[in-house]
Amino acid sequence: MRFSRFLAIFQARNKEFWRDRAALGWNIVLPALVVLVFAFGFVGDGGSIYKVGVLEAGDRVERPGFLETRYIRFVPVTDRTGAITRVERHQLDMLVDPDDRRYWVNGDSAKGYLLERILNGSPEGNWTREAVAGGEIRYVDWLIPGVLGMNIMFSALWGVGYVIVRYRKNGVLKRLQATPLTAFEFLAAQVSSRLWVILGVTLLVYVGTYVFVDFKMYGSYLALFVLFALGAVSLISLGLVVAARVASEELADGILNLTSWPMMFLSGVWFSMEGLHPIVRGAAQVFPLTHMIDGARAVMLDGAGFLDVWPQMLTLVLMTTVCMAIGSLTFRWE
């Protein structure tokens, strides 16, 4: 690899992006507008449904009468400590353990108060109360990692996948093939250019929305940065797979839409995946965006560190390796 050739392509791609003021502005303004709309347009968690966590037990046969209450969404959980934390932060309105006849409720939660009255009025009775306390996690606090991840996804897929296809259609790649530039140098420059642009724009959006919204951040900024960087590289690599051989902009746009829209709706950008069918939750695990958003929310809302989110980081690294290998091996200039 010759660094001078890599640097020339890297600088050329950067200049091309910065001169496209419309695309640059859209990358910055769109996610900020989404966050501001949800911050000022919704109060609380954005819904009126009650959400109760239920500690699972494999040998349970009978269901207490409270668990049959209509209009309450019961979410099975296995991690008691994590579920209690979510009650503290108003992400769950109540947590119940049917085996021990215990329940946890936040004394500052209006929904928790009403659920407690319903529970105490249920036929089985004799529940032990465990009070917890903690500040509410607003819907906008929960939404921020998803919006940042969504913006990274669109910028990565279209900023690399669509652009390379356009180069191929316009004959730019054919002319570059006649130079000493190698495919690896070209692809490395494209990935590096898009990566630092994505991280720079994400930082601007993060700081700008924080000034107006003041969302929660409990974890490590370094861990969050690494997660976004790994997620961006993984999504860029996915874009390279699309761009490796496609020569039609229309076909590339269709494939990128077919890839991005399922990610946007199944990766937890707008709503929690808890309570959905296990097949749907399992299908979401094939998307890099799912692991990036899950890790980012764990860092920002649960105060997770590197050791807590290493499974998401490792998964993103493996996905990047696979996609980069496929993109490099199948890449063609013409």
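Chemist: Honestly, the side chain of Ser 234 in this entry has me stumped. Any pointers?
Modeler: Looking at where Ser 234 falls in the secondary structure, it is placed in helix H8 (residues 221–243). Apart from the residues lying within four places of it in its own chain, the contact partners of Ser 234 are Pro 288, Leu 316, Met 319 and Thr 320.

Chemist: What is the right way to look at the pattern of salt bridges in this model?
Modeler: Any two side chains of opposite charge can pair, so long as their charged atoms come close to each other. Counting across every chain of the model gives 5 salt bridges. The shortest N-O distance in the salt bridge between Glu 130 and Arg 102 comes to 3.0 Å. Taken together, the positions of Glu 130 in strand S5 (residues 128–132) and Arg 102 in strand S4 (residues 102–106) put the pair 28 residues apart, joining distant regions of the chain. Owing to a relative accessible area of 25%, Glu 130 belongs among the partly exposed residues under this scheme. Classification of Arg 102 as partly exposed rests on a relative accessible area of 23%. A salt bridge links Asp 141 to Lys 216, with the shortest nitrogen-to-oxygen separation between them at 3.7 Å. With a gap of 75 residues between them, Asp 141 in helix H5 (residues 139–170) and Lys 216 in the loop between helix H7 (183–213) and H8 connect regions that are remote in the sequence. Judged by relative accessible area, which is 0%, Asp 141 ranks as buried.

Chemist: Sorry if this is basic, but what is going on with unusual backbone geometry here?
Modeler: Apart from glycine, the bulk of residues carry a negative phi angle, and the bulk of peptide bonds sit in the trans form. Its identity is not glycine, yet Arg 101 carries a phi of approximately 55°, on the positive side. As for its placement among the helices and strands, Arg 101 is situated in the loop between strand S3 (94–97) and S4. Taking relative accessible area as the criterion, Arg 101 reaches 28% and is therefore assigned partly exposed.

Chemist: I'm lost on the sheet that holds S5 in this one. Help?
Modeler: Within a sheet, adjacent strands bond to each other through the backbone by hydrogen bonds, running parallel or antiparallel. Judged by pairing direction, the sheet is mixed, and its 5 strands sit side by side in the order S2-S1-S3-S4-S5 without closing on themselves. Both outer strands of the open sheet, strand S2 (72–77) and S5, are each paired with one neighbouring strand and no more. With strand direction ignored, the average angle separating the axes of adjacent strands in the sheet is 25°. As paired strands, strand S1 (residues 50–55) and S2 are joined by 6 bridges and run parallel to one another.

Chemist: It is not clear to me how the nonpolar core should be interpreted in this structure. Could you clarify?
Modeler: In globular proteins that are soluble, nonpolar side chains generally tend to be buried together. Ile 164 and Phe 186 are the most contacted members of the largest nonpolar core, which has 67 residues in total. Those elements that provide at least two residues to this core are helix H1 (3–19), H5, helix H6 (172–177), H7, H8, helix H9 (249–266), helix H11 (288–302) and helix H12 (306–330). Setting aside residues no more than four positions away along its own chain, Ile 164 makes contact with Leu 173, Phe 186, Leu 187, Gln 190, Leu 240, Ala 243 and Phe 331. Residues Val 54, Met 94, Val 105 and Leu 115 belong to the second largest nonpolar core, which totals 13 residues.

Chemist: I'm lost on the side chain of Arg 168 in this one. Help?
Modeler: With respect to the secondary-structure elements, Arg 168 resides in helix H5. Of note is the side chain of Arg 168, whose polar atom sits 2.9 Å from the backbone oxygen of Ala 244. There is a polar contact of 2.8 Å between the side chain of Arg 168 and the backbone oxygen of Arg 332. If sequence neighbours within four positions are ignored, Arg 168 has contacts with Leu 173, Ala 243, Ala 244, Arg 245, Val 246, Ala 247, Phe 331, Arg 332, Trp 333 and Glu 334.

Chemist: How do you make sense of H7 when you look at a structure like this?
Modeler: For an α-helix, 3.6 residues make a turn, and residues three or four places apart therefore share a direction. Here H7 spans 44 Å end to end across 31 residues, near enough to the 45 Å set by a 1.5 Å rise per residue. Immediately beyond the C-terminal end of H7, within one or two residues, lies Asp 214, with a positive phi of roughly 55°.

Chemist: Sorry, what's going on with the pairing of S3 here?
Modeler: Consecutive side chains along a regular strand alternate between the two faces of the sheet. Burial along S3 is two-sided: the residues Met 94 and Val 96 and Leu 95 and Asp 97 are all buried. Here 3 bridges tie S1 to S3, and the two strands are oriented parallel to one another. The residue of S3 that forms the bridge with Val 52 is Met 94. Two successive antiparallel strands, S3 and S4, enclose a turn made up of 4 residues, where Arg 101 displays a positive phi of approximately 55°.

Chemist: I keep staring at the confidence of the model for the protein chain and nothing clicks. Help me out?
Modeler: Atom-level detail of predicted coordinates should not be read off regions where pLDDT is low. This prediction gives the protein chain a mean pLDDT of 80; 84% of its residues lie at or above 70. Counting contacts from residues 42–48, a segment whose pLDDT is below 50, to residues more than four positions away or on other chains yields 9 contacts.

Chemist: Honestly, the packing of aromatic side chains in this entry has me stumped. Any pointers?
Modeler: Aromatic ring pairs are defined here through the distance separating the ring centres and the angle between the ring planes. Tallied over the full model, the rule gives 6 aromatic pairs. Put simply, the rings of Tyr 167, Phe 186 and Phe 331 pair up and form one aromatic cluster. Cation over ring: Arg 101 sits above Trp 127, and NZ or CZ is 5.3 Å from the ring centre. Positioned above the aromatic ring of Trp 142 is the side chain of Arg 297, whose terminal nitrogen or guanidinium carbon lies 3.5 Å from the ring centre.

Calculation rules
- Residues numbered from 1 in each chain as written.
- Predicted model: local features only at pLDDT ≥ 70, side-chain atom pairs only at ≥ 80, totals over all residues.
- Heavy atoms only, no water.
- Helix = DSSP H or I, 4+ residues; strand = E, 2+ residues; numbered from the N terminus.
- Contact = heavy atoms within 4.5 Å.
- Salt bridge = Lys/Arg side-chain N within 4 Å of Asp/Glu carboxyl O.
- Buried < 20%, exposed > 50% of the residue type's maximum accessible area, 1.4 Å probe, protein only.
- Pairing = 2+ DSSP bridges.
- Axes fitted to C-alpha atoms, helices over the stretch in contact; angles between N-to-C directions.
- Core = buried A, V, L, I, M, F, W, Y, C linked by side-chain atoms within 4.5 Å.
- Polar contact = N/O pair within 3.5 Å; in protein donor to acceptor, adjacent residues only side chain to side chain.
- Expected span 1.5 Å × (residues − 1).
- pLDDT = per-residue confidence, 0-100.
- Phe/Tyr/Trp six-rings, centres within 6.5 Å; stacked < 30°, edge-to-face > 60°.
- Lys NZ or Arg CZ within 6 Å of the ring centre and 35° of its normal.

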